[in-house]
Each structure stands twice: as structure tokens, then as C-alpha cells.
Amino acid sequence: MLRISMAKVEPDDKKAIEQRAVFLLGRREHSASELARKLRDKGFAADAVDEVISELQERGWQSDQRFTESYVRQRIEAGYGPLKIYSDMAQKGIQRTLVEQILESTNVDWVAVAADRYQRRFGTEAATGDKEKARRQRHLASRGFLSSHVYAAISKVHEDDGC
């Protein structure tokens, strides 16, 4: 495993910055913002980090487009809604327009995603009482689904079950 000791490395050593960046990118995709933050946290100079990231982008080794596609797909598969995905991507420094573009191209059926999440969590039995119904709705809302998705998903689950 490649180890870079910060005791021997200068904060603006572009070779060391590139090695650390490639190591991080080899483990998983990172947004440019996320990668820059991690490198600065290791003690590297911000200007040198920005230059190295630009070079990595030119070579195609770092791509916010590729990172966003991968992350969005993973979050959808994990049962998260569009509001949560937008929020997560904003924290990772990704522009909302890029996320919108990728979500449009994936053509996601949010009601189906919410219904699947609902069934995995609660099964197909209808909620007994208003408190339980509200708890289930809050669960889907906390995972980033719009209220229209929540109501439609719950209706879909119980229609499919014959309740």
C-alpha cells in the first residue's frame, strides 16, 4: 500500500499531492470539491491542490459527471428520494443543474422507489392508526421523497396487496 508521510512532504509538492489524489480516486470516485477538501485536510496547499485536480480532470482521472452518475445510481438503489440526493450532492460540491440532468436521463420512477423502500421497511400490512400512518410517512419523507411520492407509494403498496 502506498503511504505518504506528511512529515517528509512539502505542502506544495505536486507529485505527492497527485499520488495521494490518485490513491483516493483508486478507492472510489470523488467530486473535485470533496477531493480538494481531503487533500487540504492532509496539509497540502490549496493552490497546488487546485492545480493538480485540474490536471487530473484534463486526463479524465477525476470527473464530477462520472462521480455524480455513480453516486445518484447508488443512492436510488439504496432507496433515497430526489430531495435527499440533491442535498447530499450539494454537500459534495456538485451543481444542482448537473444532478437534475443526470436524474432526468435516468428516468426514475420515484413512486416505485418509495414503494419498494416502504415495503422493505414496513411490509405490506396497512398502518393501524393515525400515529403509525404518520410515522411511516415521515420515514419516507426523511429519505428525501416528495409528499406526492409518499402518498402514491403507500397507496400503491396497499392496492397491490389488496388492502
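Shown above is the structure to which this text applies.
Everything numeric in this text was worked out from a predicted model, so none of it was measured.

**Looking at helix α3 (residues 46-59)**
- The end-to-end C-alpha distance of α3 is 20 Å, a good match for the 20 Å that 14 residues give at a rise of 1.5 Å each.
- Taken residue by residue, α3 has Ala48, Val49, Val52, Ile53 and Leu56 as its buried positions. Projected onto a plane normal to the axis of α3, the buried residues spread over an arc of 130 degrees and lie on a single side. Turned more than 90 degrees from where α3 packs its buried face, Asp47 and Glu58 sit exposed.
- Looking at the buried side of α3, the elements it contacts are α1 (14-27) and α2 (32-41).
- Among the residues trailing α3, Gly60 stands out with phi positive, at a value near 85 degrees.

**Some points on the environment of Ala126**
- Position of Ala126 among the secondary structure elements: in the loop between α7 (110-122) and α8 (130-142).
- Ala126 sits in the partly exposed class, given a relative accessible area of 38%.
- For the pair Ala126 and Tyr80, spaced 46 residues apart in sequence, the C-alpha to C-alpha distance is 22 Å.
- Apart from the residues within four sequence positions on either side, Ala126 is in contact with Arg136 and His158.

Calculation notes
- Residues numbered from 1 in each chain as written.
- Predicted model: local features only at pLDDT ≥ 70, side-chain atom pairs only at ≥ 80, totals over all residues.
- Heavy atoms only, no water.
- Helix = DSSP H or I, 4+ residues; strand = E, 2+ residues; numbered from the N terminus.
- Expected span 1.5 Å × (residues − 1).
- Buried < 20%, exposed > 50% of the residue type's maximum accessible area, 1.4 Å probe, protein only.
- Arc of directions from axis to C-beta.
- Contact = heavy atoms within 4.5 Å.

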